[in-house]
Number of protein chains: 2
Amino acid sequence: MTYENMFSALGDSTRRQVFEAVADRPRAVGDLAADLPVSRPAVSQHLKVLSDAGLVVCRAEGTRRIYAARPEGLAELRTWLERYWSDALESFAAEVNKGRDA
Amino acid sequence: MTYENMFSALGDSTRRQVFEAVADRPRAVGDLAADLPVSRPAVSQHLKVLSDAGLVVCRAEGTRRIYAARPEGLAELRTWLERYWSDALESFAAEVNKGRDA
DNA sequence: ACTTACCGTAGGTCATGACTTACGAAAATA
DNA sequence: TATTTTCGTAAGTCATGACCTACGGTAAGT
């Protein structure tokens, strides 16, 4: 939901792998854990963090829970990025000029 | 440098404030600390993390160190974002169709 | 040379979080 | 109903990291 949650969620390597996997295609928890070096409960916890951050959504299919990436989540990240990217460009250009003076 | 470093760097609230401040305009360490609720050494440590992540650069001006945002850093983040955003769009569309079947 | 301003790093404390095993709940199956 | 499958959560361990104070080092001013 917040930038805080999103960035810190994607800041963990294992958790980013989980996200990238479900972004590739929706998967169940057990399937995700099978392709990762951590236990299934660990994957569950990572998915909860990603879900709280608004980066994934969940759908029940029998006893299985199918997780999928949530595009709106990345869209929010993109909003932040676009803003500070233009800021960074301007301030960096000014910095280069300052450097020329000195 | 790596996505790992970038996301985890921006995942901390205080550190993201530091980055946003220098993105607005280049600043010295003491000036940054004056506007933040943490000590100056803490700001120094955050700047080191941001620097290792390739998100900021530094320039000496007398005893002062002027830090500025590094646009190429955000550009890398954008590359990641664009890729997984399109992935997420496709997988999410497929997910919606699956949901319709069930 | 001495003092002042500004900064990075070392060392230590404390909270956060990533991971594990154990357990309980819900749905399909027989 | 009993069993199996799949999953989330609780409880505990251990490493990471965010923060502080103290210290040392460099550049400018007197």
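As a reminder, the structure under discussion sits directly above these lines.
Residues numbered from 1 in each chain as written. Chains lettered and ligands numbered in written order. Predicted model: local features only at pLDDT ≥ 70, side-chain atom pairs only at ≥ 80, totals over all residues. Heavy atoms only, no water.

1. Some remarks on the relation of the copies chain A and chain B
- Relative to chain B, chain A is turned by 180 degrees and slid 0.0 Å along the rotation axis, the superposed coordinates differing by an RMSD of 0.0 Å. One copy is carried onto the other by what is essentially a two-fold rotation axis.
- By residue overlap, the copies meet face to face through one surface: 100% of the interface positions of chain A are interface positions in chain B. (Least-squares fit on C-alpha atoms with pLDDT ≥ 70 in both. Contact = heavy atoms within 4.5 Å.)

2. Some details on the protein's contact with DNA strand C
- Surrounding DNA strand C, one finds 23 residues, the nearest of these being A:Arg15, A:Ser39, A:His46, B:Ser44 and B:Tyr67.
- Sugar and phosphate atoms form 59% of the subset of DNA strand C atoms that lie within 4 Å of the protein.
- A distance of 2.6 Å separates a phosphate oxygen of DNA strand C from a polar side-chain atom of A:Ser39.
- Between DNA strand C and B:Val29 there is a distance of 3.1 Å, counted from a phosphate oxygen to a backbone nitrogen or oxygen.
- Of all the elements in the fold, those that place two or more residues in the surface near DNA strand C are helix H2 (13–24) and helix H4 (40–52) of chain A together with helix H3 (29–34), helix H4 (40–52) and strand E3 (64–69) of chain B. (Near = heavy atom within 4 Å. Polar contact = N/O pair within 3.5 Å; in protein donor to acceptor, adjacent residues only side chain to side chain. Helix = DSSP H or I, 4+ residues; strand = E, 2+ residues; numbered from the N terminus.)

3. Thoughts on the nonpolar core
- Counting 54 residues, the largest nonpolar core has A:Phe19, A:Leu55, A:Leu74, B:Phe19, B:Leu55 and B:Leu74 as the members making the most contacts within it.
- Among residues more than four places away in sequence, those in contact with A:Leu74 are A:Phe19, A:Leu55, B:Trp80, B:Leu81, B:Tyr84, B:Trp85 and B:Ala88. (Core = buried A, V, L, I, M, F, W, Y, C linked by side-chain atoms within 4.5 Å. Buried < 20%, exposed > 50% of the residue type's maximum accessible area, 1.4 Å probe, protein only.)

4. Quick notes on the sheet that holds strand E1 (residues 27–28) of chain B
Residue and element names in this part refer to chain B.
- Across the sheet, three strands lie side by side as E1-E3-E2; this open sheet has antiparallel pairing. Two strands in the sheet have a free side with no partner beyond their single neighbour: E1 and strand E2 (56–61).
- Each of E1, E2 and E3 touches helix H2 (residues 13–24); the most contacted strand, E3, lies at about 90 degrees to it. (Pairing = 2+ DSSP bridges. Axes fitted to C-alpha atoms, helices over the stretch in contact; angles between N-to-C directions.)

5. Section: H2(A)
Residues and elements named next belong to chain A.
- Taking 1.5 Å as the rise per residue, H2 with twelve residues should run 16 Å; its terminal C-alpha atoms sit 16 Å apart, in good agreement.
- Of the residues making up H2, those classed as buried are Thr 14, Arg 15, Arg 16, Val 18, Phe 19, Ala 21, Val 22 and Ala 23.
- Between the side-chain oxygen of the N-cap and the backbone nitrogen of Thr 14 there are 3.2 Å, and the N-cap of H2 in question is Asp 12. (Expected span 1.5 Å × (residues − 1).)

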